[in-house]
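Fold and geometry: a report
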Amino acid sequence: MIRDLLMPSLSPTMEEGKLTKWLVQEGDAISSGDIIAEIETDKAVMELEAPEDGFLSKILVPEGSEAVKVNGKIAEISSETTEHQKDSRTSSKAKEQVETNVDKFEIPSTKLDTITVRESIRDAIKEEMSRDDEVFLIGEEVGEYEGAYKISQGLLNTFGPRRVIDTPITEHGFTGLAIGAAFSGLRPIVEYMTFNFAMQAMDQIVNSAAKTLYMSGGQISCPIVFRGPNGAASRVAAQHSQDFSAFYSSIPGLKVIQPFTASDAKGLLKSAIRDNNPVIFLENEILYGKKFEREASEEVIPIGKAKIFLEGTDLTLISFGIGMTYAIEAAELLSKEGISTEIIDLRTIRPLDKNTIISSVKKTNRCITIEEGFPICSVGNNITALIMEEAFDYLDAPVINCTGKDVPMPYAENLEKLALVNTQEVVERAKEIIYR
Amino acid sequence: MVKKPLKTTGNREIINFFQEMLTIRRFEEKAGQLYGMGHIGGFCHLYIGQEAIVVGLESIAIEGDQRVTSYRDHGHMIACGMSPKRIMAELTGRGSGYSKGKGGSMHMFSREKNFFGGHGIVAAQVPIAAGLAFSNKYRENNNIAFGYFGDGAANQGQIYETFNMASLWVLPIVFVIENNQYAMGTSLERASSSPALYTRGQAFNIPGEAVDGMNVLAVKEAGERAEKHCRSGKGPYILEMNTYRYRGHSMSDPAKYRTRDEVNKIKAERDPIDNLRSYLISNNISTDSELKDIDKQIKDAISDAADFAISSDIPDDNELWTDIYS
Ligand SMILES: Cc1ncc(C[n+]2csc(CCOP(=O)(O)OP(=O)(O)O)c2C)c(N)n1
Ligand SMILES: [Mg+2]
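Residues numbered from 1 in each chain as written. Chains lettered and ligands numbered in written order. Predicted model: local features only at pLDDT ≥ 70, side-chain atom pairs only at ≥ 80, totals over all residues. Heavy atoms only, no water.

1. Thoughts on the site of ligand 1
What surrounds ligand 1 is a group of 22 residues, the closest being Glu171(A), Tyr71(B), Arg72(B), Ala153(B) and Asn180(B). More than one chain approaches ligand 1, the contributing ones being chains A and B. Arg72(B) is positioned with one of its side-chain polar atoms (N or O) 2.8 Å from an oxygen atom of ligand 1. One of the backbone N or O atoms of Ala153(B) is found 2.8 Å from an oxygen atom in ligand 1. Split into classes, the residues belonging to the shell around ligand 1 amount to 10 nonpolar, 8 polar and 4 charged. (Near = heavy atom within 4 Å. Polar contact = N/O pair within 3.5 Å; in protein donor to acceptor, adjacent residues only side chain to side chain. Nonpolar A, V, L, I, M, F, W, Y, C, P; charged D, E, K, R; others polar.)

2. Regarding the coordination of the magnesium ion (ligand 2)
Residue and element names in this part refer to chain B. Bound to the magnesium ion (ligand 2) on the protein side are Asp151 (OD), Asn180 (OD1) and Tyr182 (O), at distances that span 2.0 to 2.1 Å. Along the chain, the residues that donate to the magnesium ion (ligand 2) are spaced as D-x28-N-x1-Y. With a gap of 29 residues between them, Asp151 in the loop between β2 (145-150) and α6 (157-168) and Asn180 in the loop between β3 (173-179) and β4 (182-183) connect regions that are remote in the sequence. The exposure class assigned to Asn180 is buried, which follows from its relative accessible area of 5%. (Donors = N, O, S within 2.8 Å, 3.2 Å for Na, K, Ca; no water. Helix = DSSP H or I, 4+ residues; strand = E, 2+ residues; numbered from the N terminus. Buried < 20%, exposed > 50% of the residue type's maximum accessible area, 1.4 Å probe, protein only.)

3. Some remarks on unusual backbone geometry
At the junction of Arg350(A) and Pro351(A), the peptide bond is cis and its omega measures out at 0° in the coordinates. Examined against the element boundaries, Pro351(A) turns out to sit in the loop between β20 (348-350) and α12 (354-364). The phi angle at Asn114(B) is positive, at roughly 55°, despite the residue not being glycine. Counting through the fold element by element, Asn114(B) comes out in the loop between α4 (84-91) and α5 (125-139).

4. A few points about the pairing of strand β6 (residues 54-59) of chain A
Residue and element names in this part refer to chain A. Sheet topology places strand β3 (residues 29-30) next to β6; 2 bridges connect them, and they run antiparallel. Bridge pairing in β6 places Ala29 opposite Phe55. With 4 bridges connecting them, β6 and strand β8 (residues 73-78) associate as antiparallel partners. Bridge pairing in β8 links Lys58 to Glu76. (Pairing = 2+ DSSP bridges.)

5. Quick word on the packing of aromatic side chains
All names here are of chain A. For the structure shown, the criterion picks out 18 aromatic pairs over all chains. With 6.2 Å between their ring centres and 40° between their planes, Tyr149 and Tyr288 make a pair best called tilted. Taken together, the positions of Tyr149 in the loop between β10 (135-139) and α4 (155-159) and Tyr288 in helix α10 (residues 285-288) put the pair 139 residues apart, joining distant regions of the chain. When its relative accessible area of 6% is taken as the criterion, Tyr149 is described as buried. Judged by its relative accessible area of 0%, Tyr288 is buried. Chaining the aromatic ring pairs together yields one cluster made of Phe174, Tyr192, Phe195, Phe226, Phe244, Phe247 and Tyr248. (Phe/Tyr/Trp six-rings, centres within 6.5 Å; stacked < 30°, edge-to-face > 60°.)

6. Focus on the interface of chain A and chain B
Of the residues lining the interface, 45 residues belong to chain A; the matching set on chain B comes to 50 residues. Surface buried jointly by chain A and chain B totals about 3800 Å² across both partners, of which 57% is contributed by carbon and sulfur atoms. In terms of surface lost to chain B, no three residues of chain A exceed Tyr145(A), Ile169(A) and Tyr411(A), which account for 17% of the buried area on that side. Put simply, chain A and chain B have 4 salt bridges between them. With a closest N to O distance of 3.9 Å, Arg247(B) and Glu49(A) form a salt bridge. In this structure, the connection of chain A to chain B is made through 18 residue pairs in polar contact (both at pLDDT 80 or more). Of the residues in the side of chain A that touches chain B, the class split is 26 nonpolar, 9 polar and 10 charged. (Contact = heavy atoms within 4.5 Å. Buried area = accessible area lost by both parts, 1.4 Å probe. Salt bridge = Lys/Arg side-chain N within 4 Å of Asp/Glu carboxyl O.)

7. Some words on the sheet that holds strand β15 (residues 279-283) of chain A
All names here are of chain A. Spatially, β11-β10-β12-β13-β15-β14-β20 is the arrangement adopted by the 7 strands of the open sheet, whose pairing is mixed. Strand pairing shows two members of the sheet lacking a second neighbour, β11 (164-166) and β20, which therefore form its edges. Strand after strand, the sheet turns through a mean of 20° between neighbouring axes, direction not considered. Note that strand β14 (residues 255-257) and β20 share 2 bridges and pair antiparallel. Residue pairing in the sheet places Ile257 in a bridge with Thr348 of β20. Here helix α3 (residues 117-131) sits on the sheet and contacts β10, β11, β12 (187-191), β13 (225-229) and β15; the angle it forms with β10, its principal contact strand, is near 130°. In the packing of helix α9 (residues 262-274) onto the sheet, the strands contacted are β10, β12, β13, β14, β15 and β20, and the crossing angle to β15 comes to about 160°. (Axes fitted to C-alpha atoms, helices over the stretch in contact; angles between N-to-C directions.)

8. What about the environment of Lys126(A)?
Residues and elements named next belong to chain A. As for its position among the elements, Lys126 is in helix α3. Take Lys126: its relative accessible area is 35%, and that puts it in the partly exposed class. Once residues within four sequence positions are removed from consideration, Lys126 is found in contact with Leu155, Thr158 and Phe159.

9. With respect to the pattern of salt bridges
According to the stated counting rule, one finds 47 salt bridges over all chains in the structure shown. As a salt-bridge pair, Lys270(A) and Glu128(A) come within 3.6 Å of each other at their nearest N and O atoms. Taken together, the residues Lys270(A) in helix α9 and Glu128(A) in helix α3 connect sequence positions 142 residues apart. For Asp323(B), the salt bridge is made with Lys102(B), and the minimal N-O distance between the two is 2.8 Å. Of this pair, Asp323(B) sits in the segment after α11 (288-311) while Lys102(B) sits in the loop between α4 and α5; the two residues are 221 residues apart in sequence, bridging distant segments of the chain. Taking relative accessible area as the criterion, Asp323(B) reaches 51% and is therefore assigned exposed. The exposure class of Lys102(B) is buried, given its relative accessible area of 16%. One salt-bridge network, held together by shared partners, links Glu127(A), Glu128(A), Arg131(A), Lys266(A), Lys270(A), Arg274(A) and Glu299(A).

10. Focus: the pairing of β12(A)
All names here are of chain A. With respect to burial, β12 is a largely interior element, 5 of its 5 residues being buried. As paired strands, β10 and β12 are joined by 5 bridges and run parallel to one another. Residue pairing in the sheet places Ile138 in a bridge with Val190 of β12. As judged from the 3 bridges shared by β12 and β13, these two strands associate in the parallel manner. Looking at β13, one finds that Glu191 is bridged to Arg227.

11. Thoughts on α4(B)
Residue and element names in this part refer to chain B. What α4 keeps buried is the set Ile87, Met88, Ala89, Glu90 and Leu91. Structurally, α4 contributes buried residues whose contacts are with α1 (11-36), α3 (74-79) and α11. One or two positions beyond α4, positive phi appears at Gly93, with a value near 70°.

12. A look at the domain arrangement of chain A
Residue and element names in this part refer to chain A. For chain A, the domain assignment lists domain 1 (2-104), domain 2 (114-293) and domain 3 (307-434). Computed over C-alpha atoms only, the centres of domain 1 and domain 2 are separated by 38 Å. Taking both sides of the interface into account, the surface hidden between domain 1 and domain 2 amounts to around 470 Å²; carbon and sulfur atoms contribute 56%. When the area that domain 1 buries against domain 2 is broken down by residue, the three leading residues are Pro12, Thr13 and Lys43, summing to 87%. (Domains from an automatic or database assignment.)

Shown next as structure tokens:
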């Protein structure tokens, strides 16, 4: 009997992967649990175990192949060996294919001068740690494991365990400890494996980090960055899928950043590390692997400045972080219908760049905000209130907030889709307020 | 090696232990395969290697006892009698799953079986376990609660707040530390100032003991001591179960922090199922062919569960809006 061996899905966000290496050859006997191949996912190199006993009768995807789709056939396993299979072992076909694939792969992404968000964040941390010995990185799995999402890859090697510190699973404790270190003048970067776990440390962030400068009459500042992935990843359900933008943005004393592009991530993180206040730096797991063109402005980007991502005249879309992907798609669809959209990427949520928002709305007279967070007391609600107060007379239609739904994030694929904000919804609401 | 059976453990029961542990293992192997095929999404943490703990402890639980654990929860659910079909259907996000597809692998519950989750936040289940025990004391019934957590979780502050309250208020709770040596990529030694986790209740006057958590009979024996202590009104008890997880932390963990040899050595020497199989055969309690038949029946049942999970309907879209308030 011949069974197909399929490219496995090895992470929540994996859609394709690289088949780096076959550890067995055609015709080899394999038994259930043997490591037969190495597969590079969006996060790591994983070992593929044989699902059953038998013989690897045919390799369909040679090693070195890039972008192999999850669930595509990669090999055949047969329950018994045959002469034919033994022959095919010597065939050079697989080899040839490796070479052609390697050729294809060799076009390095840097030639196009693109960079991923993951690399940009890593570069920012690395450069700031090189510049200033008082900057250090602390969190779960940031050192030896090189980061649960591989942000801190190589940093332990470069800076050693004095400055790249693995913690026990003790968010409340290590957050408070880092805040104490910041009070004494060090500049900690606190990584949360995801921001969902920072809820364990919310008291220290809000009551200790945010308020002490004020309570001490300006004596004790807290130069610290709290960073990590925020918001929904993929299918990780209610306790692991939450956007904290609005939560933290309501706290005086905190600054809140959520970058979208790689260069913004780098430039803003550098500013955050140099800032003398506690900064919440919200990243996104789905954006980590996304490539962006390097922007010239990458070096240090000031906190509190929004970016006009796209200029337009009929409608302003305001978003930040991964919400920008819906804004961009919606703008493309709307432009096909002759609607000219301006997109503002907030980048910083607190302090809010009011001027950029108000002058855009005065020009377009219409506005939709887009975010993945909950609808009640959202960032969009706050922007709506601002526009009401400062540009009411310029509005030709109500300001619309497109948000995640008012429910905990469900696990099931169909329900998760329904719970998230989506492009179609943005397009429909846009047409509603443009009266077309 | 497997300990001598206790007087309270009959031969039939030992065969049942074998059958239950193997059911969990086959279930987890299947879950791993379904994950690879994309039928299961998100995070999925397998229990392979740790089966003896829940099987041994569930054998001393009585009607009305409660249990609560972390995201590594499939084994606990199977051991307390929940249906593998409906667990698997939850894993595949179907309406027939225990949480109607809304919770997934990490968040499943059964009021009927007194299984209170399935929690995604490390250690958050431990104070909750004390609350379940509190309700037993409040109602003056004879029930106890089992609060399971990992070696990594053992460093969370809320556990020590809970130890203090549980001891202060003499709550009937067994704290079960599943020490599988690693918290994700961090070994016990790298995260814990004192690796003897069973002693962590000392400051609160909570007795504790270290147990071979890969030996179902040893687990049961220690469990009986803990149970007697709790049910007789003496307050909490700590069991540190020494065990090992064979697979990565979750499906996406490349597990580079330990060697293959380390894993293989444990599999060869301490496997809870293999050792019990040898014990059953060498003591003439069962035969190789009887145990093979059991395995075959289990494999068929797990296949059925997978078929059920894949062929069940996805949840109705309206389910998005239900169960937010009661
Ligand atoms: C509060 C919190 N911090 C971090 C995480 C991420 N995380 C999930 S499991 C885990 C390791 C836990 O290890 P352990 O308690 O030993 O349990 P095991 O996974 O070994 O069963 C971590 C760090 C989380 N889910 N919750
Ligand atoms: Mg552990």
